[in-house]
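Structural characterization, general
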Amino acid sequence: METRELTCIQCPLGCQLAVTVDGDAVTVTGNTCQRGAVYGEKEVTAPTRTVTGTIPVDGGEIARVSVKTAPDIPKDKIFDVMAEIRSAHLTAPVEAGRIIIHDVAGTGADVIATKTVKRS
Amino acid sequence: MEYHDIVVIGGGPAGLAAAVSAYDAGCRDVLVIERDERLGGILNQCIHNGFGLHTFKEELTGPEYAERYIRKAEERSIEYRLRTIVADVSPEREILYVNRDEGAVRMKAGAIVLAMGCRERPRGALGIPGYRPAGIYTAGTAQRLMNIEGYMVGREVVILGSGDIGLIMARRMTLEGAKVKVVAELMPYSGGLKRNIVQCLDDYGIPLRLSHTVTKIHGKRRVEGVTISEVGPDRRPVPGTEEFYSCDTLLLSCGLIPENELSKQVGIILSRVTGGPEVDDSLETSAEGVFACGNVLHVHDLVDFVSEEAERAGRNAAAFAAEGGKTRGGVLQVTPENGVTYTVPQKIRTDAAEKVTLRFRVNGVYRDRCVAVRSSGAEIKRVKRRIMAPGEMEELILTGEDLARCAGGITVGLED
Ligand SMILES: Cc1cc2nc3c(=O)[nH]c(=O)nc-3n(C[C@H](O)[C@H](O)[C@H](O)COP(=O)(O)OP(=O)(O)OC[C@H]3O[C@@H](n4cnc5c(N)ncnc54)[C@H](O)[C@@H]3O)c2cc1C
Ligand code: SF4
């Protein structure tokens, strides 16, 4: 059995949650509403995050394009995903929404451009 | 002289939303003037996600949020000029702008919307002893250098101030391989959003030390470290609590100030608390036909509220440009008290037709308090809040019925 202390971020109240995992059973206490229970359980069993970064662009109006993972990736893969983003390189033009890396770090998610960079 | 019904100064989210809503309110002659090379304002460098939850019900990154509004402006063929700075505005709504192709040009506007955003409090204003070595940046400058220009500002980092930009940069630098040693905050609470504390600091085990400040910067040519001390209730360093942190970079995230050089030139009355213009419920400043919205009016933490506010400014500017100067009725002065530091608007017109949204901030962390609106002692409205904090802007709506019961001025304060 393991208990973790978390701050719920689903609303400004910021309840202090205690999430206990006992085998398959997860109990959340300290939450004021149901959203806190859902958040607490997911944070402990399968936390995910959006990772954002930038990639250099050759011949563009600006030097870098901003990117994000879509959908979210497991939290423990953040640094693997960053390593792939940091080794990427692009040539202008890049349109917002374009897939830059497929199945990044084996997460099943893609890295997509969030900005349009025209040719300079 | 060139004339436009509405000239919007600043092409960030506030300026774009104001231009779009002015157009949708029937004004076909709107010009946006932007000094940067692209529209979108500060959002272009805010590459993280978390924008637009209120407006679009999805989490966008800053550039994506900006592109939605740029597209709206382009769909309506709203005219804009880039790389163009507004250098002067007169009370008669004459504008002087400067750009490389045309030089200095004067034009006249039926109505003006100020949407110049804000800037960061510079370090000079903070007065930390020590030399002025390289390696000290405001958090926003570091954000621009990293995200737009691709320049990594440092490897070992200490951040002073727990405003949102500092928190965002703590995560950003960690992801790029830097070691963020500590975030020091002078106040006993963070000025940032809870979500950012959890996802930018807790996720990476970066310590946040409340009631602490940087008391010395070490190094002559490049930062070699900082001394951090605890501060007492009087916010003065407590002797004997000094701790040394070695680092090559110090980021300052010590607050934002509305960008109001132009407003001062017009002689617009500025609020001493917000640093932005004093406005009435139509978001009109003390200069007739000059409206303000977004961070130039008061610093926002969420861009969604910027867009909503700017839409109102745009609509009202369109009405002003169409109808010309109206005869003015009376105004109710709104006075903050008991823990409320300011309200926007500061004035409400007595002939304000519909409901009025009051935005305000409080001066500390309060649990289970009521916000009370009173007029001549009578209680007009009372709402309970579970929690209020300086980092989260509050909102209160006064209906036409509420306003009909007000006489003289109104006060907004916290009560048990
Ligand atoms: C560094 C920084 C980071 C931020 N990060 C976040 C964040 O993560 N999340 C969030 O919700 N909010 C963030 N904010 C707040 C953010 O500024 C607002 O959410 C929103 O972008 C404000 O919109 P705005 O249009 O009022 O200002 P801005 O986006 O700043 O736009 C103002 C525009 O006016 C132009 N301008 C100024 N003066 C002139 C002139 N004289 N002539 C012509 N053009 C002019 C500027 O170039 C700029 O493009 C941040 C603010 C800053 C300063
Ligand atoms: S548990 Fe509910 S009330 Fe508490 S912070 Fe989370 S969402 Fe808000």
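Owing to the predicted nature of the structure, the values given are computational and were not obtained by experimental measurement.

Some remarks on the pattern of salt bridges
Considering all chains together, one arrives at 35 salt bridges over all chains under this definition. The shortest N-O distance in the salt bridge between Glu64 of chain B and Lys68 of chain A comes to 3.1 Å. One end of the pair, Glu64 of chain B, is in helix α2 (residues 62-75); the other, Lys68 of chain A, is in strand β6 (residues 64-70), on a second chain. Across the pair, exposure class does not vary: Glu64 of chain B and Lys68 of chain A are buried alike. Note that Glu176 of chain B is salt-bridged to Arg86 of chain A, the shortest N-O span being 3.1 Å. Here the residue Glu176 of chain B occupies a position in the loop between α4 (164-175) and β12 (179-185), and Arg86 of chain A occupies one in helix α2 (residues 78-86), the pair thus bridging two chains.

As for the confidence of the model for chain B
When pLDDT is averaged along chain B, the result is 93; 98% of the residues meet or exceed 70. For this predicted complex, the interface score ipTM comes out at 0.92, alongside a pTM of 0.92.

Let's talk about the domain arrangement of chain A
The domain boundaries assigned to chain A delineate domain 1 (2-46) and domain 2 (52-113). Relative to domain 2 of chain A, the C-alpha centre of domain 1 of chain A lies at a distance of 31 Å.

Some details on the nonpolar core
Ranked by size, the top nonpolar core spans 63 residues in total, and within it Ile6, Ile9, Val113 and Leu114 of chain B carry the most contacts. Not counting chain neighbours up to four residues away, the residues in contact with Ile6 of chain B comprise Ala22, Cys27, Asp29, Val30, Leu31, Ala111, Val113, Gly314, Ala317, Ala318 and Ala321 of chain B. Counting 46 residues, the second-largest nonpolar core is a separate cluster that includes Met82 and Ile101 of chain A together with Tyr137 and Val180 of chain B.

Observations regarding the site of ligand 1
Residue and element names in this part refer to chain B. Taken together, 35 residues lie around ligand 1, and Ala14, Glu34, His48, Asn295 and Asp301 are the ones closest in. In this structure, an oxygen atom belonging to ligand 1 sits 2.9 Å away from a main-chain N or O atom of Ala14. In the model, an oxygen atom of ligand 1 is placed 3.1 Å from a nitrogen or oxygen of the Arg35 side chain. Against a free-state accessible area of 970 Å², the protein chains account for coverage of 93% of ligand 1.

Section: the site of ligand 2
As a matter of local geometry, ligand 2 sits amid Cys8, Gln10, Cys11, Leu13, Gly14, Cys15, Asn31, Thr32, Cys33, Arg35 and Gly36 of chain A. Along the lines of polarity and charge, the residues of the shell around ligand 2 split into 5 nonpolar, 5 polar and 1 charged.

Notes on the environment of Pro188 of chain B
Here Pro188 of chain B lies in the loop between β12 and α5 (194-201). What Pro188 of chain B contacts, discounting residues up to four positions off in sequence, is Leu210 and Ser211 of chain B.

Remarks on unusual backbone geometry
The omega torsion of the bond from Ala70 of chain A to Pro71 of chain A falls at -5°, within 30 degrees of zero and hence cis. Examined against the element boundaries, Pro71 of chain A turns out to sit in the loop between β6 and β7 (73-74). Residue Pro345 of chain B is bonded to the preceding Val344 of chain B through a cis peptide linkage, with omega at 0°. Considering the arrangement of structural elements, one finds Pro345 of chain B in the loop between β21 (340-344) and β22 (347-349). Despite not being glycine, Ala105 of chain A has its phi angle at roughly 50°, a positive value. Tracing the backbone shows Ala105 of chain A in the loop between β9 (99-101) and β10 (110-113).

Here's the deal with the sheet that holds strand β15 (residues 225-230) of chain B
Residue and element names in this part refer to chain B. Read from one edge of the open sheet, 3 strands run β14-β15-β16, paired in antiparallel fashion. For this open sheet the edge positions go to β14 (212-218) and β16 (243-246), each flanked by a neighbour on one side alone. Across the sheet, the mean angle separating the axes of adjacent strands is 30° when strand polarity is ignored.

Topic: the domain arrangement of chain B
Often, the extent of an interface is quoted as the loss of accessible area on bringing the components together. All names here are of chain B. Looking at the assigned domains, one finds that chain B contains domain 1 (1-119 + 256-326), domain 2 (122-254) and domain 3 (330-416). Distance from the C-alpha centre of domain 1 to the C-alpha centre of domain 2: 32 Å. Counting from both sides, the interface comprises 11 residues of domain 1 and, opposite them, 12 residues of domain 2. When the buried surface of domain 1 facing domain 2 is broken down by residue, Gln45, Ile47 and His48 rank first, second and third, together holding 53% of it. Where domain 1 meets domain 2, there are 1 salt bridge.

Examining the interface of chain B and chain A
Listed by partner, the interface residues are 30 residues for chain B and 28 residues for chain A. Across the interface of chain B and chain A, roughly 2,600 Å² is buried in total on both sides, 53% from carbon and sulfur atoms. If you sort the residues of chain B by the area they bury against chain A, Arg38, Leu175 and Lys194 of chain B come out on top, with a joint share of 20%. Along the contact surface separating chain B from chain A lie 5 salt bridges. Summed over the shared surface of chain B and chain A, the result is 10 residue pairs in polar contact (both at pLDDT 80 or more). Counting residues per element, the ones that place at least two in the side of chain B that touches chain A are α2, α3 (139-147), α4, α5 and β25 (378-388) of chain B. The leading source of residues in the side of chain B that touches chain A is α5 of chain B, at 4 residues. Of the residues contributing to the side of chain B that touches chain A, the split by class is 8 nonpolar, 9 polar and 13 charged.

About the criteria used
Residues numbered from 1 in each chain as written. Chains lettered and ligands numbered in written order. Predicted model: local features only at pLDDT ≥ 70, side-chain atom pairs only at ≥ 80, totals over all residues. Heavy atoms only, no water. Salt bridge = Lys/Arg side-chain N within 4 Å of Asp/Glu carboxyl O. Helix = DSSP H or I, 4+ residues; strand = E, 2+ residues; numbered from the N terminus. Buried < 20%, exposed > 50% of the residue type's maximum accessible area, 1.4 Å probe, protein only. pLDDT = per-residue confidence, 0-100. Domains from an automatic or database assignment. Core = buried A, V, L, I, M, F, W, Y, C linked by side-chain atoms within 4.5 Å. Contact = heavy atoms within 4.5 Å. Near = heavy atom within 4 Å. Polar contact = N/O pair within 3.5 Å; in protein donor to acceptor, adjacent residues only side chain to side chain. Areas by Shrake-Rupley, 256 points an atom, 1.4 Å probe, with all protein chains shown as cover. Nonpolar A, V, L, I, M, F, W, Y, C, P; charged D, E, K, R; others polar. Pairing = 2+ DSSP bridges. Axes fitted to C-alpha atoms, helices over the stretch in contact; angles between N-to-C directions. Buried area = accessible area lost by both parts, 1.4 Å probe.

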